[in-house]
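Analysis of the macromolecular model
Residue-level listing of the chains:
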Amino acid sequence: MKRIVVIGDGMVGRHFTTTLREREPGWSVTVLAEENRPAYDRVRLSAYFDGATAADLSLGELDDGVDLRLGEAAVRVDRERHVVHSALSEYPYDALVIATGSYPFVPPIPGTDSPGCFVYRTLDDLEAIRDHAAGVDRGVVVGGGLLGLEAANALRLLGLDTTVVEFAPHLMPAQLDEAGGAVLRGHLEQLGIRIACGTAVAAVTTDAAERQSATPGGGNTEPPRAASGGLRLTTSDGTHLDTGLVVFAAGVRPRDAIGRDSGLAMAERGGITVDDTCLTSDPDVYAIGECAAVDGRCFGLVAPGYAMAEVVVDRLCGGDARFAGADTSTKLKLLGVDVASFGAPDGPLSTNYLDPTEGVYAKLALSDDARTLLGGILVGDTEPYGLLRASVGGPVPARLADLLARAVPDAELPDSAQICSCHAVTKSAITSAIAEGACDVASLGACTKAGSGCGSCVPLLKQLLADSGVSQNKAVCEHFAYSRAELFDIVRCAGITTFSDLIAQHGTGRGCEVCKPVVASILASLDNGHILDGEQAALQDTNDHFLANLQRNGTYSVVPRVPAGEITPEKLITIGAIARDYGLYTKITGAQRIDMFGARVEQLPAIWRRLVDAGFESGHAYGKALRTVKSCVGTTWCRYGVQDSVTLAIDLELRYRGLRSPHKLKSAVSGCARECAEARGKDFGIIATEAGWNLYVGGNGGFTPRHAQLLLSDLDTESLVRYIDRFLMFYVRTADRLQRTAAWLENLDGGLDYLREVIVDDRLGICAELDAAMDRHVASYRDEWSAVLEDPDKLSRFVSFVNAPETPDPSIRFDTSRGQPLPVMLERPRVRAS
Ligand SMILES: Cc1cc2nc3c(=O)[nH]c(=O)nc-3n(C[C@H](O)[C@H](O)[C@H](O)COP(=O)(O)OP(=O)(O)OC[C@H]3O[C@@H](n4cnc5c(N)ncnc54)[C@H](O)[C@@H]3O)c2cc1C
Ligand code: SF4
């Protein structure tokens with residue numbers, strides 16, 4: 001059994017360990033990890049400021065066969081004895097893998113260790129930035145590259161007035177040329193971020209230090225500056241920037257000290273020298289990831305590190321894999337602006353496209369005979385990125401003019417084109433997987449790993465699925481050639497109020513169990529009367545049909561609304577009395593209300609009569625509609641509460657009750673960051689802050705749990721309600737059938753940023769319409785059960801047997817257990833095998 005020691009449980013160290021475990025589970029593996037938490041997704045680090053928690057970013061647990069030593073850094077390697085030392089112990093190895101990553105470069109200027117100065121590399125860094133930001137109003141980021149702009153976005157999300165200082169003459173100098181940098185700068189300045197390019201930072205001083213130098217003889221005669229948090233940045237040209245917080249994001253350097261100290265060969269510009277098998281100058285020591293230098297070059301991206309990890313696993317298992325270099329293409333959204341660079345953007349020939357009005361820039365680099373695409377840059381619109389990146393090294397995939405004017409016709413990629421650069425998956429591997437039955441992006445990811453890295457190849461995967469004839473049809477069903485969102489628009493714009501008009505004018509046939517409830521829901525969302533009115537009644541699925549939830553023994557459950565879970569003793573007594581009188585099983589639900597099970601169809605009206613008389617109304621537990629707004633007790637009772645979560649939850653539940661939507665909607669309000677109401681597991685969740693409310697969207701429990709993401713922070717109550725109105729109405733209008741908010745958001749081109757643009761900045765000019773739609777909903781709300789009780793026609797449908805309305809269904813029987821009735825299940829009919 002081989003003993004492997006890994007130094008570093010970062011992204012690459014973790015990829016190495018899990019890949020090795022899959023291939024060779026019998027070996028002893030020890031991982032020394034300097035950080036106190038297991039590996040997490042550093043690439044998505046900034047999502048922490050967008051609502052993701054440390055748990056969301058975690059790369060998961062290692063299996064029990066790995067000895068993971070958290071918070072225990074390797075301090076020395078004794079190569080002669082084959083032993084790694086930490087401060088606590090020593091670890092013998094047969095093979096050692098160094099995966100220590102990089103550290104952020106901080107310019108060697110005075111004052112960078114002052115309180116309020118940070119770097120941007122680990123979750124601990126981000127936690128410290130967030131805590132410090134709470135007390136200041138301005139922030140400066142030193143570095144206008146990829147990391148610096150991510151940090152700038154983070155400061156913006158924390159509500160700080162943000163300035164970016166970049167030494168180079170333009171932003172993102174490693175990826176963009178001057179023109180691309182200028183277009184990006186324009187976008188960021190529009191967002192209110194100040195940019196100072198061509199500027200070096202010379203010193204950081206604190207108030208205290210300055211006061212000292214301002215004393216007689218100190219030479220500083222300036223008046224005291226406005227309070228901003230106490231730091232002053234002095235630039236090389238002598239100007240000052242007053243700020244409360246500084247983030248240094250001016251590049252990274254390989255963490256190679258452990259290799260240097262143990263006498264391994266080092267690259268001239270830093271990094272542990274490795275060959276193309278990732279072996280260092282010691283035949284038993286490998287280096288992978290950002291600390292390793294191949295041909296003298298370190299890679300600051302995760303994909304090359306993953307490739308190195310796989311090479312070392314293969315080598316240790318007796319294979320002959322070699323590191324073949326790496327694709328350093330980048331595609332990302334920085335502060336809502338699409339930016340991409342791929343291949344080698346500087347070639348012998350280049351061609352550019354600039355549209356200053358739309359803020360779009362593109363550059364393609366070509367070989368000197370203009371036949372081969374070498375690389376390129378895209379800013380403002382990265383639509384052709386997937387196609388272009390996969391074409392690097394081959395012929396230009398379409399007419400240049402079309403590519404640059406973003407009118408790309410169908411273009412054929414060669415089989416060898418690399419579609420997913422994170423996992424080096426070629427087009428032929430994808431098309432083979434499709435031929436073997438992969439029918440969507442998820443199944444392609446499961447069998448080839450494509451699309452499971454940075455995700456930038458997902459549009460190409462969809463394209464390849466479509467090219468292979470795999471249907472990505474969004475039509476609701478065979479009767480309507482439209483998606484749900486399209487049908488919604490048709491109904492709304494054409495003013496259609498019945499299913500028969502819609503199918504006659506825009507569909508075929510008579511409809512089915514798929515399209516009927518969809519149309520019923522659309523008509524209900526557009527306030528077309530009671531769901532059991534006229535022909536609408538026939539469209540509803542079983543639960544809506546009886547305004548109750550069908551249970552496995554054929555009975556129904558009754559769930560009255562209990563807004564925010566607040567209920568008076570009288571109402572509790574009413575529920576108890578009804579349950580006792582009708583022999584119903586009662587249970588408190590996870591959504592803070594009481595469910596009564598076991599009611600026969602013909603009992604429903606009488607039960608609801610008593611409930612309505614006692615002031616209850618329908619809880620819509622049966623509908624694709626708002627279910628509940630759960631709440632904690634907030635400032636009313638809790639000593640930690642900072643806002644009145646109960647009142648807000650009640651107001652929201654009453655506002656959105658009865659709103660029909662593509663799927664059920666759940667919400668919760670927590671009175672402080674302790675989050676007792678679990679608001680982040682809801683479609684829209686609200687968490688109180690000292691200044692107001694944070695709004696999270698797109699969470700759910702269930703089969704695939706998702707945490708809601710932070711959409712807006714520190715809102716006052718009026719703005720909060722308006723943004724929720726718009727969020728809900730936009731979702732109701734545009735989501736697919738049975739698509740919950742999480743899946744809808746994932747598929748929304750532009751994601752959260754786009755959603756903010758639509759509902760906050762009114763990018764589509766529809767906010768007034770969304771507001772009016774919600775106002776109409778609120779004004780026209782009527783309790784569905786009260787309306788049934790007043791209408792003999794509607795009441796007449798609540799019978800077990802249409803031809804014998806007085807006769808209860810004899811197949812429904814109950815037993816008693818734990819003092820309550822439980823259903824007796826009838827045996828299933830047996831079918832004898834022939
Ligand atoms: C904000 C941010 C955004 C990024 N965005 C992207 C992106 O969009 N695309 C992309 O490809 N890359 C991106 N990166 C870079 C990417 O995160 C790195 O390429 C990747 O994490 C490198 O993995 P690694 O394992 O080599 O280093 P790391 O992930 O840094 O892991 C190294 C680990 O080793 C530990 N360690 C160091 N010394 C010791 C020691 N002596 N003993 C024990 N443990 C030790 C460190 O504490 C660390 O946990 C981003 C990075 C950041 C910070
Ligand atoms: S979330 Fe905060 S306010 Fe609400 S109950 Fe928990 S600790 Fe109290």
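Small disclaimer: the values here were computed from a predicted structure and weren't measured.

**Notes on the overall build of the chain**
Tallying secondary structure elements over the chain gives 27 helices and 39 strands in all. Considering the chain as a whole, with its 834 residues, one finds that 51% of them fall into the buried category. At a minimum sequence separation of 6, the contacts of the chain that also span at least 24 residues come to 61%. By element, 50% of the accessible surface of the chain is carried by carbon and sulfur atoms, the whole surface being about 37,600 Å².

**What to know about the site of ligand 1**
Around ligand 1 sit 27 residues in total, of which Glu-34, Glu-35, Arg-42, Arg-121 and Glu-290 are the nearest. Between Met-11 and ligand 1, the recorded distance is 3.3 Å, taken from a backbone N or O atom to an oxygen atom. In this structure, Arg-42 approaches ligand 1 through a side-chain N or O atom, which is 2.8 Å from an oxygen atom. When ligand 1 is considered free in solution it has 990 Å² of accessible area, and contact with the protein chains removes 92% of it. For the shell around ligand 1, the secondary structure elements donating two or more residues are helix 1 (11–23), strand 2 (28–33) and helix 4 (146–157). Tallying contributions element by element places helix 1 first for the shell around ligand 1, with 3 residues.

**Quick word on the sheet that holds strand 13 (residues 201–206)**
Spatially, 13-14-15 is the arrangement adopted by the 3 strands of the open sheet, whose pairing is antiparallel. What marks the edges here is a single partner per strand, and that holds for strand 13 and strand 15 (240–243). Each strand of the sheet is rotated relative to its neighbour by a mean of 20°, with strand direction disregarded. Alignment of strand 14 (residues 231–235) against strand 15, held across 4 bridges, turns out to be antiparallel. Residue Arg-232 lies in a different strand from strand 15, and its bridge partner there is Asp-242.

**As for the site of ligand 2**
Within the structure, ligand 2 sits among Cys-632, Gly-634, Cys-638, Tyr-640, Gly-641, Gly-671, Cys-672, Arg-674, Glu-675 and Cys-676. Of the residues assigned to the shell around ligand 2, the class counts are 5 nonpolar, 3 polar and 2 charged.

**Overview of the sheet that holds strand 20 (residues 292–294)**
Ordered by their spatial adjacency, 3 strands build an open sheet running 18-20-21, and the pairing between neighbours is mixed. The open sheet is flanked by strand 18 (272–274) and strand 21 (297–298), the only strands paired with a single partner. Direction of pairing for strand 20 relative to strand 21: antiparallel, over a ladder of 2 bridges. Across the sheet, the residue bridging to Val-294 is Arg-297, located in strand 21.

**A short note on the nonpolar core**
If you look at the biggest cluster of nonpolar residues, it comprises 62 residues, and the most contacted ones within it are Phe-684, Ile-686, Leu-695 and Leu-755. Among the elements that line this core, the one with the most residues is helix 22 (residues 717–734), at 10 residues. Contact partners of Phe-684, with chain neighbours within four places excluded, come to Leu-626, Tyr-656, Lys-666, Ser-667, Ala-668, Leu-695, Tyr-696, Val-697, Ile-724, Phe-727 and Leu-728.

**Notes on the packing of aromatic side chains**
Summed over all chains, the structure comprises 11 aromatic pairs. Seen from their ring centres, Phe-546 and Tyr-556 are 5.5 Å apart, and the 70° between their planes marks the pair as edge-to-face. With Phe-546 in the loop between helix 17 (542–545) and strand 29 (549–550) and Tyr-556 in strand 30 (residues 556–558), this pair connects stretches of sequence that are 10 residues apart. Across this residue pair, the class does not change: Phe-546 and Tyr-556 are buried.

**Looking at the confidence of the model for the chain**
Taken as a whole, the chain shows an average pLDDT of 85; of its residues, 89% reach a score of 70 or greater. A low-confidence stretch, residues 214–227 stays under pLDDT 50, and its non-local contacts, those more than four residues away or across chains, total 13 contacts. Long-range and interchain partners of residues 826–834, a stretch whose pLDDT sits below 50, account for 2 contacts in this model, where long-range means more than four residues apart.

**A closer look at the pattern of salt bridges**
Any two side chains of opposite charge can pair, on the condition that their charged atoms come close. Overall, the coordinates contain 43 salt bridges when judged by the stated rule. A salt bridge links Asp-775 to Arg-722; the nearest nitrogen and oxygen atoms lie 3.2 Å apart. Taken together, the positions of Asp-775 in helix 25 (residues 767–780) and Arg-722 in helix 22 put the pair 53 residues apart, joining distant regions of the chain. Since its relative accessible area comes to 26%, Arg-722 is described here as partly exposed. Note that Asp-753 and Arg-756 form a salt bridge whose closest N and O atoms lie 2.9 Å from each other. Residue Asp-753 and its partner Arg-756 are both found in helix 24 (residues 751–759); the two are separated by 3 residues, about one turn of the helix. The partly exposed category is assigned to Asp-753, whose relative accessible area is 23%. Three or more residues are tied together by salt bridges with common partners; here these are Arg-655, Arg-722, Asp-725, Arg-726, Asp-771 and Asp-775.

**Describing the pairing of strand 24 (residues 349–355)**
Sheet topology note: the strand 24/strand 25 (residues 360–366) ladder contains 7 bridges and is antiparallel. Bridging across to strand 25, Tyr-353 finds its partner in Ala-362.

**Observations regarding the side chain of His-777**
If you trace the backbone, His-777 turns up in helix 25. Judged by relative accessible area, His-777 falls into the buried class, the value being 11%. Setting aside residues no more than four positions away along its own chain, His-777 makes contact with Arg-655, Tyr-656, Arg-657, Gly-658, Leu-659 and Met-729.

**Let's talk about unusual backbone geometry**
With phi around 60°, Ala-370 is a residue other than glycine that occupies positive phi space. Relative to the helices and strands, Ala-370 is located in the loop between strand 25 and strand 26 (373–379).

**As for the UniProt feature "binding site: [4Fe-4S] cluster" (unreviewed entry) in the chain**
Residues annotated in UniProt with the feature "binding site: [4Fe-4S] cluster" (unreviewed entry) correspond here to Cys-632, Cys-638, Cys-672 and Cys-676. Over a stretch of 45 residues, the named residues converge on one spot in the fold, their C-alpha atoms separated by at most 10.7 Å. Summarising the element assignment, Cys-632 is placed in the loop between strand 33 (626–631) and helix 20 (634–637). Exposure remark for Cys-632: the relative accessible area of 16% places this residue in the buried category. With respect to the element layout, Cys-676 can be found in the loop between strand 34 (665–670) and strand 35 (684–689). Assessed through its relative accessible area of 61%, Cys-676 is described here as exposed. Contacts of Cys-676, omitting those with residues within four sequence positions, involve Cys-632 and Ser-670.

**What to know about helix 19 (residues 604–613)**
Among all positions of helix 19, only Leu-604, Pro-605, Ile-607, Trp-608, Leu-611 and Val-612 are buried. Seen end-on, helix 19 carries its buried residues on one side only, within an arc spanning 160°. The elements touched by buried residues of helix 19 are strand 30, helix 18 (569–582), strand 32 (594–599), helix 26 (784–789) and helix 27 (792–795). A positive backbone phi angle near 95° is found at Gly-615, which sits one or two residues after helix 19.

**So, the environment of Leu-526**
Tracing the sequence through the fold places Leu-526 in the loop between helix 16 (515–525) and helix 17. As for Leu-526 and Arg-776, which are separated by 250 residues in sequence, their C-alpha atoms are 8.9 Å apart. The residues contacting Leu-526, other than those within four sequence positions of it, are Phe-488, Val-491 and Arg-492.

**Considering the packing of helix 1 against helix 8 (residues 302–316)**
The N-to-C vectors of helix 1 and helix 8 enclose an angle of 35°; their axes lie 9 Å apart at closest approach. When the axes of helix 1 and helix 8 are compared, the crossing they make is right-handed. Touching Met-11, Val-12, His-15, Phe-16, Thr-19, Leu-20 and Arg-23 of helix 1 are Val-302, Gly-305, Tyr-306, Ala-309, Glu-310, Val-312, Val-313, Asp-314 and Leu-316, all from helix 8. The class makeup of the residues in the contact of helix 1 with helix 8 is 10 nonpolar, 3 polar and 3 charged.

**Overview of the side chain of His-663**
Mapped onto the secondary structure, His-663 falls in the loop between helix 21 (645–656) and strand 34. When neighbours within four sequence positions are excluded, His-663 is seen to be in contact with Lys-624, Ala-625, Tyr-731, Leu-738, Gln-739 and Arg-740.

**Quick word on helix 25**
Here helix 25 contains 14 residues, and its C-alpha end-to-end distance of 20 Å stays within 8% of the 20 Å for a straight helix at 1.5 Å per residue. Listing the buried residues of helix 25 in full gives Cys-767, Leu-770, Asp-771, Ala-773, Met-774 and His-777. Relative to the axis of helix 25, the buried residues are bounded by an arc of 160° and lie together on one face. Away from the buried face of helix 25 by more than 90 degrees, exposed residues Ala-768 and Ala-779 are located. Looking at the packing, one finds that the buried side of helix 25 touches helix 21, helix 22 and helix 24.

Rules used throughout
- As a convention, each chain's residues are numbered from 1 in the sequence order in which they are written.
- Lettering for chains starts from A, numbering for ligands starts from 1, and both go in the order in which the items are written.
- Residue-level local features of this predicted model are given only where pLDDT is at least 70; pairs of side-chain atoms are given and counted only at 80 or more, and the full residue set underlies all totals for whole chains, interfaces and linings.
- Hydrogen atoms and water are omitted, and side-chain values are computed over all heavy atoms in the structure.
- A run of H or I in DSSP counts as a helix once it spans at least four residues, and a run of E counts as a strand once it spans at least two, with each numbered from the N terminus.
- Summary of the burial criterion: residues with accessible area below 20% of their type's maximum are buried, those above 50% are exposed, and those between are partly exposed, where the area comes from a 1.4 Å probe applied to protein chains only.
- Should any heavy atoms of two residues lie within 4.5 Å, those residues are counted as being in contact.
- Residue-level accessible areas treat just the shown protein chains as cover; the underlying method is Shrake-Rupley with a 1.4 Å probe.
- Put simply, a residue is near a molecule or strand once any heavy atom of it comes within 4 Å of that molecule or strand.
- Nitrogen and oxygen atoms within 3.5 Å of one another constitute a polar contact, given that in protein one can donate a hydrogen and the other can accept it, and given that sequence-neighbouring residues count only through two side-chain atoms.
- Strands qualify as paired when DSSP identifies two bridges or more between them.
- Axes here refer to lines fitted to C-alpha atoms; in helices the fit is confined to the stretch in contact. Angles between the N-to-C directions go from 0 to 180 degrees.
- Amino acid classes used here: Ala, Val, Leu, Ile, Met, Phe, Trp, Tyr, Cys and Pro are nonpolar; Asp, Glu, Lys and Arg are charged; the rest, including Gly, are polar.
- Residue types Ala, Val, Leu, Ile, Met, Phe, Trp, Tyr and Cys, when buried and joined through side-chain atoms within 4.5 Å, form a set referred to as a nonpolar core.
- Each pair of aromatic rings taken from Phe, Tyr and Trp, with Trp reduced to its six-membered ring, is defined by centres within 6.5 Å and is described as stacked if the planes are under 30 degrees apart, edge-to-face if over 60, and tilted in the remaining cases.
- The pLDDT value expresses, per residue, how confident the predictor is, ranging between 0 and 100.
- Here, a salt bridge means any side-chain nitrogen of Lys or Arg that lies within 4 Å of a carboxyl oxygen of Asp or Glu.
- UniProt positions are given in the numbering used here, feature names are shortened, and annotations may be inferred rather than shown by experiment.
- Note that the arc is defined by the directions from the helix axis to the C-beta atoms.
- The sense of a crossing depends on the near helix, which, turned anticlockwise from the far helix by less than a right angle, makes the crossing left-handed and, turned clockwise, makes it right-handed.
- Any helix carries an expected span of 1.5 Å times its number of residues minus one.

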